[in-house]
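The primary structure of each chain is shown beneath.
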Amino acid sequence: MPSSIYTKLGAAFAALAAGAAAVTIAAQVLNSTLGTPVASPSSTVPAQGGSSGGTTTTSSPRPPRAPSAFPAPPTGATVFSREEGDDVVALGIVSTGRRALLQVSILNGQGHGATGRVVRVALGSRTVAAAPCGPGCYRVSVAAPSRPKAAVVVVGRGSGATVWRISLPAHWPSPSAAGLIRQAGAAWRALTSLAYHDHLASDPTHAVASDWRVAAPDKASYVTSAGTAGIVIGGERWDRSGAHAAWVKSAQTLTIHQPVPFWTSATDAHVLRHTTVNGRAADVVSFFDPGTPAWFEVTVETGTKHTVELFMNTTAHFMHDTYSAFDSAASIMPPK
(Lines give C-alpha, C1' and ligand atoms only; values in the text may rest on other atoms or scores of the structure.)
Protein backbone atom coordinates (compact mmCIF):
# COMPACT_ATOMS: atom_id res chain seq x y z
CA MET A 1 0.00 0.00 0.00
CA PRO A 2 1.39 3.46 -0.83
CA SER A 3 2.95 5.18 2.17
CA SER A 4 0.82 8.27 1.46
CA ILE A 5 -2.24 6.31 2.52
CA TYR A 6 -0.85 5.67 5.99
CA THR A 7 -0.66 9.38 6.76
CA LYS A 8 -4.44 9.56 6.48
CA LEU A 9 -5.32 6.62 8.69
CA GLY A 10 -7.63 6.76 11.62
CA ALA A 11 -7.63 4.62 14.74
CA ALA A 12 -7.05 1.13 13.40
CA PHE A 13 -8.76 -1.08 15.94
CA ALA A 14 -7.98 -4.60 14.80
CA ALA A 15 -6.56 -6.62 11.97
CA LEU A 16 -7.57 -10.16 11.22
CA ALA A 17 -5.35 -12.74 9.56
CA ALA A 18 -7.51 -13.93 6.68
CA GLY A 19 -6.15 -17.33 5.75
CA ALA A 20 -2.57 -16.36 4.88
CA ALA A 21 0.18 -14.90 7.02
CA ALA A 22 0.93 -12.17 4.51
CA VAL A 23 -2.69 -11.07 4.16
CA THR A 24 -4.55 -9.12 6.82
CA ILE A 25 -7.83 -7.26 6.71
CA ALA A 26 -8.30 -4.38 9.09
CA ALA A 27 -11.58 -3.49 10.76
CA GLN A 28 -11.52 0.29 10.79
CA VAL A 29 -12.91 3.58 11.94
CA LEU A 30 -12.44 6.96 10.32
CA ASN A 31 -10.45 9.67 12.04
CA SER A 32 -10.48 13.37 11.26
CA THR A 33 -6.81 13.82 12.13
CA LEU A 34 -3.81 13.04 9.98
CA GLY A 35 -0.96 11.20 11.56
CA THR A 36 0.31 7.88 12.81
CA PRO A 37 -2.53 5.46 13.60
CA VAL A 38 -2.83 3.84 17.01
CA ALA A 39 -3.32 0.09 16.75
CA SER A 40 -4.98 -2.10 19.30
CA PRO A 41 -3.01 -4.94 20.92
CA SER A 42 -4.31 -7.38 18.30
CA SER A 43 -3.54 -5.12 15.36
CA THR A 44 -0.90 -5.94 12.79
CA VAL A 45 -1.69 -3.61 9.92
CA PRO A 46 -3.35 -0.19 9.99
CA ALA A 47 -6.57 0.25 8.07
CA GLN A 48 -7.48 2.59 5.28
CA GLY A 49 -9.00 5.76 6.63
CA GLY A 50 -10.24 9.21 5.75
CA SER A 51 -10.45 12.71 7.09
CA SER A 52 -12.99 15.29 8.03
CA GLY A 53 -10.89 17.89 6.27
CA GLY A 54 -10.31 18.41 2.60
CA THR A 55 -12.22 20.15 -0.14
CA THR A 56 -14.48 19.03 -2.90
CA THR A 57 -13.70 20.34 -6.35
CA THR A 58 -14.64 19.54 -9.88
CA SER A 59 -13.28 20.65 -13.21
CA SER A 60 -14.62 21.14 -16.71
CA PRO A 61 -13.03 18.86 -19.32
CA ARG A 62 -9.64 20.16 -20.37
CA PRO A 63 -6.33 18.61 -21.40
CA PRO A 64 -5.46 15.89 -18.88
CA ARG A 65 -2.76 16.35 -16.30
CA ALA A 66 0.45 14.46 -16.88
CA PRO A 67 0.48 10.98 -15.39
CA SER A 68 2.38 10.50 -12.14
CA ALA A 69 3.57 7.42 -10.29
CA PHE A 70 -0.04 6.82 -9.25
CA PRO A 71 -2.39 6.29 -12.21
CA ALA A 72 -4.84 9.03 -11.26
CA PRO A 73 -7.65 9.70 -13.76
CA PRO A 74 -7.39 12.63 -16.18
CA THR A 75 -8.84 15.94 -15.07
CA GLY A 76 -12.54 16.27 -15.83
CA ALA A 77 -13.14 12.53 -16.16
CA THR A 78 -16.25 10.63 -15.25
CA VAL A 79 -14.80 7.70 -13.34
CA PHE A 80 -15.70 4.06 -12.79
CA SER A 81 -13.79 1.37 -10.91
CA ARG A 82 -13.96 -2.23 -9.83
CA GLU A 83 -12.07 -5.03 -8.13
CA GLU A 84 -10.35 -7.45 -10.48
CA GLY A 85 -8.52 -10.12 -8.52
CA ASP A 86 -6.18 -8.15 -6.27
CA ASP A 87 -6.05 -5.26 -8.79
CA VAL A 88 -8.10 -2.10 -8.98
CA VAL A 89 -9.18 -1.42 -12.57
CA ALA A 90 -10.62 2.04 -13.22
CA LEU A 91 -11.84 3.92 -16.26
CA GLY A 92 -11.90 7.68 -16.70
CA ILE A 93 -13.69 9.28 -19.66
CA VAL A 94 -13.26 12.91 -20.68
CA SER A 95 -15.62 14.10 -23.42
CA THR A 96 -14.29 16.92 -25.61
CA GLY A 97 -16.77 17.60 -28.38
CA ARG A 98 -16.78 14.80 -30.93
CA ARG A 99 -13.91 12.96 -29.30
CA ALA A 100 -13.32 11.37 -25.94
CA LEU A 101 -10.20 10.54 -23.98
CA LEU A 102 -10.35 7.17 -22.26
CA GLN A 103 -7.85 6.26 -19.57
CA VAL A 104 -7.69 2.85 -17.94
CA SER A 105 -5.88 2.85 -14.59
CA ILE A 106 -4.66 -0.45 -13.12
CA LEU A 107 -3.35 -0.54 -9.55
CA ASN A 108 -1.91 -3.76 -8.18
CA GLY A 109 -2.18 -5.12 -4.65
CA GLN A 110 1.12 -3.51 -3.62
CA GLY A 111 -0.05 -0.03 -4.58
CA HIS A 112 1.94 0.21 -7.81
CA GLY A 113 0.68 0.95 -11.28
CA ALA A 114 0.47 -2.37 -13.12
CA THR A 115 2.60 -2.46 -16.25
CA GLY A 116 2.78 -4.89 -19.13
CA ARG A 117 -0.96 -5.24 -19.61
CA VAL A 118 -2.61 -5.29 -23.02
CA VAL A 119 -5.57 -2.92 -22.79
CA ARG A 120 -8.29 -2.34 -25.37
CA VAL A 121 -11.31 -0.08 -25.01
CA ALA A 122 -14.48 0.75 -26.89
CA LEU A 123 -16.89 3.67 -26.60
CA GLY A 124 -18.85 2.79 -29.71
CA SER A 125 -18.77 -0.16 -32.04
CA ARG A 126 -15.01 -0.17 -32.57
CA THR A 127 -12.52 -1.58 -30.05
CA VAL A 128 -9.10 0.09 -30.10
CA ALA A 129 -5.80 -0.44 -28.29
CA ALA A 130 -4.84 1.92 -25.46
CA ALA A 131 -1.21 3.01 -25.27
CA PRO A 132 0.84 2.99 -22.05
CA CYS A 133 1.11 6.46 -20.50
CA GLY A 134 2.96 5.73 -17.27
CA PRO A 135 2.84 3.06 -14.53
CA GLY A 136 -0.63 1.54 -14.59
CA CYS A 137 -1.88 4.12 -17.11
CA TYR A 138 -3.29 3.24 -20.56
CA ARG A 139 -4.87 5.90 -22.80
CA VAL A 140 -6.54 6.38 -26.14
CA SER A 141 -8.51 9.15 -27.83
CA VAL A 142 -11.50 7.98 -29.87
CA ALA A 143 -14.33 9.41 -31.93
CA ALA A 144 -17.28 9.56 -29.56
CA PRO A 145 -20.96 8.99 -30.25
CA SER A 146 -23.14 11.91 -29.16
CA ARG A 147 -24.83 9.64 -26.65
CA PRO A 148 -22.64 6.61 -25.84
CA LYS A 149 -24.58 3.93 -23.99
CA ALA A 150 -21.68 1.83 -22.79
CA ALA A 151 -17.92 1.55 -22.61
CA VAL A 152 -16.00 -1.71 -22.76
CA VAL A 153 -12.57 -2.35 -21.21
CA VAL A 154 -10.59 -5.47 -22.12
CA VAL A 155 -7.48 -6.17 -20.04
CA GLY A 156 -5.10 -8.88 -21.21
CA ARG A 157 -2.75 -10.48 -18.71
CA GLY A 158 -0.65 -13.47 -19.69
CA SER A 159 -2.76 -15.85 -21.74
CA GLY A 160 -6.08 -14.59 -20.38
CA ALA A 161 -8.19 -11.46 -20.58
CA THR A 162 -11.08 -9.92 -18.68
CA VAL A 163 -13.93 -7.94 -20.23
CA TRP A 164 -15.66 -5.15 -18.32
CA ARG A 165 -18.80 -3.57 -19.78
CA ILE A 166 -19.83 -0.28 -18.17
CA SER A 167 -23.27 1.25 -18.62
CA LEU A 168 -22.86 5.01 -19.04
CA PRO A 169 -25.13 7.70 -17.58
CA ALA A 170 -28.33 8.50 -19.46
CA HIS A 171 -27.30 12.17 -19.55
CA TRP A 172 -23.94 12.54 -21.28
CA PRO A 173 -21.60 14.19 -20.55
CA SER A 174 -22.57 13.29 -17.00
CA PRO A 175 -23.61 16.27 -14.86
CA SER A 176 -21.33 17.58 -12.12
CA ALA A 177 -22.04 16.46 -8.56
CA ALA A 178 -19.50 18.76 -6.86
CA GLY A 179 -22.17 20.61 -4.91
CA LEU A 180 -23.95 17.41 -3.94
CA ILE A 181 -20.75 15.87 -2.53
CA ARG A 182 -20.07 19.04 -0.55
CA GLN A 183 -23.57 18.77 0.89
CA ALA A 184 -23.08 15.08 1.63
CA GLY A 185 -19.88 15.87 3.54
CA ALA A 186 -21.68 18.55 5.55
CA ALA A 187 -24.50 16.11 6.33
CA TRP A 188 -21.95 13.60 7.68
CA ARG A 189 -20.45 16.18 10.04
CA ALA A 190 -23.86 17.37 11.25
CA LEU A 191 -24.85 13.89 12.45
CA THR A 192 -24.91 13.01 16.14
CA SER A 193 -24.69 9.26 15.48
CA LEU A 194 -24.64 6.68 12.71
CA ALA A 195 -24.55 2.91 12.20
CA TYR A 196 -23.20 0.98 9.26
CA HIS A 197 -22.31 -2.46 7.97
CA ASP A 198 -18.88 -2.78 6.40
CA HIS A 199 -17.51 -5.44 4.05
CA LEU A 200 -13.78 -5.04 3.49
CA ALA A 201 -11.63 -7.28 1.28
CA SER A 202 -8.03 -7.35 0.13
CA ASP A 203 -8.75 -9.76 -2.72
CA PRO A 204 -11.58 -12.14 -3.73
CA THR A 205 -10.73 -14.71 -1.04
CA HIS A 206 -9.82 -12.58 2.00
CA ALA A 207 -12.50 -10.42 3.57
CA VAL A 208 -14.06 -9.43 6.87
CA ALA A 209 -17.53 -8.11 7.69
CA SER A 210 -18.14 -5.78 10.61
CA ASP A 211 -20.89 -3.68 12.15
CA TRP A 212 -20.12 -0.18 13.36
CA ARG A 213 -21.62 2.61 15.41
CA VAL A 214 -20.11 6.08 15.69
CA ALA A 215 -21.27 9.05 17.74
CA ALA A 216 -20.23 12.66 18.10
CA PRO A 217 -17.81 13.83 19.09
CA ASP A 218 -15.39 10.98 19.81
CA LYS A 219 -17.09 7.60 20.19
CA ALA A 220 -16.95 4.50 18.01
CA SER A 221 -17.54 0.78 18.35
CA TYR A 222 -17.36 -2.22 16.06
CA VAL A 223 -17.78 -5.97 16.10
CA THR A 224 -16.69 -8.31 13.32
CA SER A 225 -18.32 -11.50 12.15
CA ALA A 226 -15.49 -13.37 13.92
CA GLY A 227 -16.30 -11.73 17.26
CA THR A 228 -13.36 -9.31 17.36
CA ALA A 229 -14.60 -6.00 18.77
CA GLY A 230 -13.49 -2.59 19.89
CA ILE A 231 -14.86 0.47 21.66
CA VAL A 232 -13.41 3.98 21.83
CA ILE A 233 -14.85 6.66 24.10
CA GLY A 234 -12.79 9.81 24.24
CA GLY A 235 -9.38 8.94 25.69
CA GLU A 236 -10.27 5.34 26.59
CA ARG A 237 -10.55 2.20 24.51
CA TRP A 238 -11.42 -1.45 24.99
CA ASP A 239 -10.51 -4.31 22.65
CA ARG A 240 -11.70 -7.91 22.47
CA SER A 241 -9.86 -10.59 20.47
CA GLY A 242 -12.89 -12.89 20.10
CA ALA A 243 -16.55 -13.34 20.98
CA HIS A 244 -15.74 -15.04 24.29
CA ALA A 245 -12.52 -13.17 25.11
CA ALA A 246 -12.18 -10.65 27.90
CA TRP A 247 -12.18 -6.95 27.15
CA VAL A 248 -8.77 -5.29 27.47
CA LYS A 249 -8.70 -1.61 28.41
CA SER A 250 -6.01 0.77 27.18
CA ALA A 251 -5.40 4.45 26.56
CA GLN A 252 -6.63 5.97 23.30
CA THR A 253 -3.85 8.41 22.53
CA LEU A 254 -5.15 9.49 19.10
CA THR A 255 -8.34 11.49 19.42
CA ILE A 256 -11.04 10.43 16.98
CA HIS A 257 -13.67 12.75 15.59
CA GLN A 258 -16.94 11.27 14.40
CA PRO A 259 -19.05 11.13 12.31
CA VAL A 260 -16.99 12.09 9.25
CA PRO A 261 -17.11 10.88 5.63
CA PHE A 262 -14.74 8.22 4.42
CA TRP A 263 -13.25 10.37 1.69
CA THR A 264 -10.54 12.97 2.23
CA SER A 265 -11.36 15.02 -0.87
CA ALA A 266 -13.34 14.56 -4.06
CA THR A 267 -12.41 15.53 -7.60
CA ASP A 268 -14.49 15.16 -10.74
CA ALA A 269 -17.67 14.11 -8.97
CA HIS A 270 -20.41 13.24 -11.48
CA VAL A 271 -23.97 11.95 -11.22
CA LEU A 272 -24.18 8.49 -12.76
CA ARG A 273 -27.88 7.87 -12.28
CA HIS A 274 -30.95 8.58 -10.16
CA THR A 275 -32.39 5.82 -7.99
CA THR A 276 -34.56 5.16 -4.94
CA VAL A 277 -33.48 3.71 -1.60
CA ASN A 278 -36.17 2.59 0.85
CA GLY A 279 -38.69 4.56 -1.18
CA ARG A 280 -36.63 7.76 -1.10
CA ALA A 281 -35.07 9.49 -4.10
CA ALA A 282 -31.28 9.31 -4.28
CA ASP A 283 -28.38 9.99 -6.62
CA VAL A 284 -25.48 7.66 -7.43
CA VAL A 285 -22.25 9.63 -7.73
CA SER A 286 -18.69 8.63 -8.64
CA PHE A 287 -15.50 10.53 -7.91
CA PHE A 288 -11.78 10.15 -7.35
CA ASP A 289 -10.22 11.00 -3.99
CA PRO A 290 -6.60 12.07 -4.62
CA GLY A 291 -5.89 12.42 -0.92
CA THR A 292 -6.34 8.75 -0.09
CA PRO A 293 -6.00 7.99 -3.10
CA ALA A 294 -9.06 5.91 -4.05
CA TRP A 295 -12.03 5.64 -6.38
CA PHE A 296 -15.50 6.04 -4.86
CA GLU A 297 -19.12 5.45 -5.80
CA VAL A 298 -21.68 6.72 -3.29
CA THR A 299 -25.45 6.85 -3.10
CA VAL A 300 -26.77 10.06 -1.53
CA GLU A 301 -30.39 10.65 -0.50
CA THR A 302 -31.79 13.65 -2.35
CA GLY A 303 -33.64 15.16 0.59
CA THR A 304 -31.40 14.53 3.60
CA LYS A 305 -28.07 14.35 1.72
CA HIS A 306 -27.24 11.30 3.84
CA THR A 307 -24.83 8.81 2.27
CA VAL A 308 -26.70 5.50 2.35
CA GLU A 309 -24.24 3.31 0.43
CA LEU A 310 -20.56 3.54 -0.47
CA PHE A 311 -18.07 1.58 -2.56
CA MET A 312 -14.35 2.37 -2.33
CA ASN A 313 -11.55 0.77 -4.35
CA THR A 314 -7.88 1.30 -3.59
CA THR A 315 -4.73 -0.68 -2.84
CA ALA A 316 -5.77 -4.04 -1.34
CA HIS A 317 -8.94 -2.38 0.01
CA PHE A 318 -12.26 -3.11 -1.65
CA MET A 319 -14.91 -1.70 0.64
CA HIS A 320 -18.71 -1.76 0.57
CA ASP A 321 -20.66 0.05 3.30
CA THR A 322 -24.37 0.50 3.92
CA TYR A 323 -25.44 3.22 6.38
CA SER A 324 -28.45 3.56 8.68
CA ALA A 325 -29.67 4.86 12.06
CA PHE A 326 -28.85 8.47 11.18
CA ASP A 327 -28.97 10.40 14.49
CA SER A 328 -30.55 7.35 16.13
CA ALA A 329 -27.82 4.73 16.60
CA ALA A 330 -27.71 2.89 19.91
CA SER A 331 -25.56 4.51 22.58
CA ILE A 332 -21.89 3.55 22.82
CA MET A 333 -21.03 2.54 26.38
CA PRO A 334 -18.02 0.93 28.10
CA PRO A 335 -18.19 -2.90 28.15
CA LYS A 336 -19.71 -4.52 31.22
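Rules behind the numbers
Residues numbered from 1 in each chain as written. Predicted model: local features only at pLDDT ≥ 70, side-chain atom pairs only at ≥ 80, totals over all residues. Heavy atoms only, no water. Helix = DSSP H or I, 4+ residues; strand = E, 2+ residues; numbered from the N terminus. Buried < 20%, exposed > 50% of the residue type's maximum accessible area, 1.4 Å probe, protein only. Contact = heavy atoms within 4.5 Å. Areas by Shrake-Rupley, 256 points an atom, 1.4 Å probe, with all protein chains shown as cover. Pairing = 2+ DSSP bridges. Axes fitted to C-alpha atoms, helices over the stretch in contact; angles between N-to-C directions. pLDDT = per-residue confidence, 0-100. Phe/Tyr/Trp six-rings, centres within 6.5 Å; stacked < 30°, edge-to-face > 60°. Salt bridge = Lys/Arg side-chain N within 4 Å of Asp/Glu carboxyl O.

Helix and strand content of the chain: two helices and 23 strands. Counting only residues that meet the buried cut, the chain has 55% of its 336 residues in that class. Nonlocal contacts in the chain, meaning residues at least 24 apart in sequence, comprise 55% of its contacts between residues at least 6 apart. With the model as given, the accessible surface of the chain reaches about 13,900 Å², and the carbon-plus-sulfur share is 55%.

Another aspect to go through is the sheet that holds strand β8 (residues 127–129). With respect to topology, four strands assemble into an open sheet ordered β8-β7-β11-β12, the strand pairing being antiparallel. Two strands close off the open sheet at either side, each with one partner strand: β8 and β12 (160–167). The sheet shows a mean angle of 20 degrees between the axes of neighbouring strands, direction not considered. In terms of strand pairing, strand β11 (residues 150–157) meets β12 through eight bridges, oriented antiparallel. What sits directly across from R157, in β12, is G160.

This paragraph deals with the sheet that holds strand β5 (residues 87–96). Pairing is antiparallel across the open sheet formed by five strands, whose spatial order is β4-β5-β6-β10-β9. Because the sheet does not close on itself, it has two edges, and the strands there are β4 (78–84) and β9 (131–134). Sheet twist, expressed as the average angle between the axes of neighbouring strands with direction ignored, equals 25 degrees.

With that settled, the discussion passes to the confidence of the model for the chain. The predicted model of the chain averages 82 in pLDDT, with 80% of residues at 70 or higher. Low confidence marks residues 1–67, where pLDDT is under 50. Its contacts with residues over four positions away, or in another chain, come to 206 contacts.

So, on to the packing of aromatic side chains. Enumeration according to the criterion identifies 12 aromatic pairs in this entry. Ring geometry for Y196 against W212: centres 5.9 Å apart, planes inclined by 5 degrees, an arrangement best described as stacked. Here Y196, found in strand β13 (residues 193–203), pairs with W212, found in strand β14 (residues 206–215); they are 16 residues apart in sequence, far enough to count as distant. Classification of Y196 by relative accessible area gives buried; the value is 5%.

Here the structure, examined in full by the defined rule, presents seven salt bridges. D87 is paired through a salt bridge with R157; the nearest N and O atoms lie 3.3 Å apart. Note that D87 is positioned in strand β5 and R157 in strand β11, a separation of 70 residues in sequence. Looking at R157, the relative accessible area reads 49%, which means it is partly exposed. Across the pair E301 and R280 runs a salt bridge whose closest N-O atoms are separated by 3.6 Å. You can see E301 sitting in strand β21 (residues 294–301) and its partner R280 sitting in strand β20 (residues 280–289), a full 21 residues away along the chain. Each of D87, R117 and R157 takes part in one network of salt bridges that share partners.

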